[in-house]
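Chain by chain, the residues:
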Amino acid sequence: MPKNKKVRVRFAPSPTGFLHVGSLRTALYNFLFARQKGGDFILRIEDTDRTRLVDGATECLLKILTTAGLDWDEGPMSNGKEKGKFGPYIQSERTKIYKKYAEKLIEKGQAYHCFCSAERLEKLRETQQANKLPTMYDGLCRSLDKSVIAKSLKENQPHVIRLTVPKEGNTNFNDVVRGAVAFENKLIDDQVLVKSDGFPTYHLANVVDDHLMEITDVIRGEEWLSSTPKHILLYQAFGWTPPRFAHIPLLLNPDKSKLSKRQGDVAAEDYLKKGYLPEALINFVALLGWNPGTEQEIFSLPELIKYFDITKVQKAGAVFNVEKLNWMNGEYIKKMAVDELVKKCLPYLKDANYDLDKIGKEKLEKIVRLEQERMKKLTDLPLAVEFFFKEPQYDAKILVWKKSDQETICNRLKILIKFYDTFMGDWSEQGIEQATLELIEKENLANGPTLWPMRVALSGREASPGPFAIAGILGKGETIKRLKIALNLLCGK
Ligand code: GLU
């Protein structure tokens, strides 16, 4: 174990498409750990599996980390350059390094060339499966004669390089999250280190880089736990000290199955696109597998740096509960300054083709403020405020308040129209409210049968902000127009 060394951790994604929310959490935990220990947070792109590469995935990844506030000390940057003195940080630019280290292992007798054909390996697997044996390489090429190897290499025969895994004993390690972990060596395959295309496998590249980049702590998803004994054997084969390991729990669907695309979104970018705020998403994923042991649930990034504790991360899978994310996002929205919220909502309102110039900045702020309390995500806004931009379409029946009847409602609508037509006072929420409540009192109209149809006439909805706030924003002319439409719809007049 590395002691008294400056903490260096890395986030090492493969650019195979989108950034999984689980990977966002891995990045976050690494970031928090580095920041609280005064260490370095390194970003390394693991792109040696050439068949799974997706164009633009790395750029997208950098963008999300930046948006989320997870700035890294070393690694590729969005301008195409790199920072840090342990580069290159993109594995496909390091292939020569891996080759050199694979050869070192061969020289040391810790790895060997394997010339077995795909057909032979397939047959081997079938036989093992038929005999209910673990499917793994049988070690045929371990003991090839030096001259045979030299000849085959000279003839450019396709081959891989495999690690010579001891057949006896156990590989043990102490995981920060999972405690003591042991794997039987006889169940560990002679791992391929260099593929036939000359590219290293994840295992070789990962271990070589973690060593060369002086990584002290590997914090990664539990799905990599079974790879760790292979990595430890590699460290031993090289004669290197392994880092500390912390495997963080899987993310689960509410039904406890592994979080999958089938049951909802798993891409961090989809959540951002859907109008979740980056700080809320970060807060939410921080609590997937860790909690502070107090009631506090809302944490800023600096607070997370202060309170996060890798040793308190749970072993059990963490349920990804979208309801909780919605609640949390709502809490962040409520706390935002309204002008900032407007700014964030603008793209969504523009997408909905609302005439924002016509409504103007002041009214737009009022509209957003009206929804701020109940909004769960930014994408909720366009639909919620549609009636400010378009005449609402609704079923006339909903104009009738539940404790009233059609005739009374028609009467109240008529009174309101007449009253507003001649109203000369201040057409603001407060002005309208005061005047209307006085009218209701004076004429004994009762609030329910008067204000319910007014609100529905203006919004077209059974649930909406209050009628005076809406009327204030719509303006006098539009308010009267909508009341008349309602009257016509319900009473045919
Ligand atoms: N490239 C691996 C991934 O995509 C990294 C795993 C690790 O952190 O070792 O998650």
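Refer to the preceding data block for the structure.
This structure is a prediction, so every number in the text was calculated from the model and none was measured.

Peer 1: Honestly, the side chain of T201 in this entry has me stumped. Any pointers?
Peer 2: The topology assignment puts T201 in the loop between strand 9 (192-194) and helix 6 (202-212). The exposure class of T201 is buried, given its relative accessible area of 11%. A polar side-chain atom of T201 sits 2.8 Å from the main-chain carbonyl oxygen of V192. Beyond its immediate chain neighbours, meaning those up to four positions away, T201 contacts T48, V192, L193 and K195.

Peer 1: How do you make sense of empty space enclosed by the protein when you look at a structure like this?
Peer 2: Once rolled over the atoms, a probe with the size of a water molecule shows which space is left empty. All told, the structure shown has one cavity of 30 Å³ or more when counted by the stated rule. The calculated volume of the largest cavity comes to roughly 40 Å³. Lining the largest cavity are L24, I64, A68, L272, P278, L281 and I282. The biggest single contributor to the lining of the largest cavity is helix 9 (residues 278-286), with three residues. Of the residues that constitute the lining of the largest cavity, the class distribution is seven nonpolar, no polar and no charged.

Peer 1: Whenever I open this one, the site of the ligand confuses me. Can you help?
Peer 2: Taken together, the neighbourhood of the ligand is formed by R10, A12, S14, E46, Y202, N206, R220 and W224. Within the side chain of S14, a nitrogen or oxygen atom sits 3.1 Å from a nitrogen atom of the ligand. Surface burial for the ligand is 84%, taken as the share of its 300 Å² of free accessible area covered by protein chains. For the ligand, the cavity whose grid points lie within 2 Å of the majority of its atoms is the largest pocket. A class-by-class count of the residues in the shell around the ligand yields three nonpolar, two polar and three charged.

Peer 1: Would you mind showing me how to read the pattern of salt bridges here?
Peer 2: A side chain of one charge can pair with a side chain of the opposite charge when the charged atoms of the two come close. Scanning all chains against the criterion turns up 32 salt bridges. Note that K167 and D190 form a salt bridge whose closest N and O atoms lie 3.9 Å from each other. Within this pair, whereas K167 is found in the loop between strand 6 (160-163) and strand 7 (170-175), its partner D190 is found in the loop between strand 8 (179-184) and strand 9, the two being separated by 23 residues in sequence. With its nearest N and O atoms 3.5 Å apart, the salt bridge here joins R374 to E371. Assessed through its relative accessible area of 5%, E371 is described here as buried. Through salt bridges with shared partners, one network takes in R10, R44, E46, R94, D209 and D210.

So, how was this worked out
Residues numbered from 1 in each chain as written. Predicted model: local features only at pLDDT ≥ 70, side-chain atom pairs only at ≥ 80, totals over all residues. Heavy atoms only, no water. Helix = DSSP H or I, 4+ residues; strand = E, 2+ residues; numbered from the N terminus. Buried < 20%, exposed > 50% of the residue type's maximum accessible area, 1.4 Å probe, protein only. Polar contact = N/O pair within 3.5 Å; in protein donor to acceptor, adjacent residues only side chain to side chain. Contact = heavy atoms within 4.5 Å. 1 Å grid on protein atoms, 1.4 Å probe; cavity = no way out; pocket = protein on both sides within 12 Å on 5 of 7 lines; lining within 4 Å. Points joined across faces, edges and corners; volume = space filled by probe spheres on them. Nonpolar A, V, L, I, M, F, W, Y, C, P; charged D, E, K, R; others polar. Near = heavy atom within 4 Å. Areas by Shrake-Rupley, 256 points an atom, 1.4 Å probe, with all protein chains shown as cover. Sits in = over half its atoms within 2 Å of the grid points. Salt bridge = Lys/Arg side-chain N within 4 Å of Asp/Glu carboxyl O.

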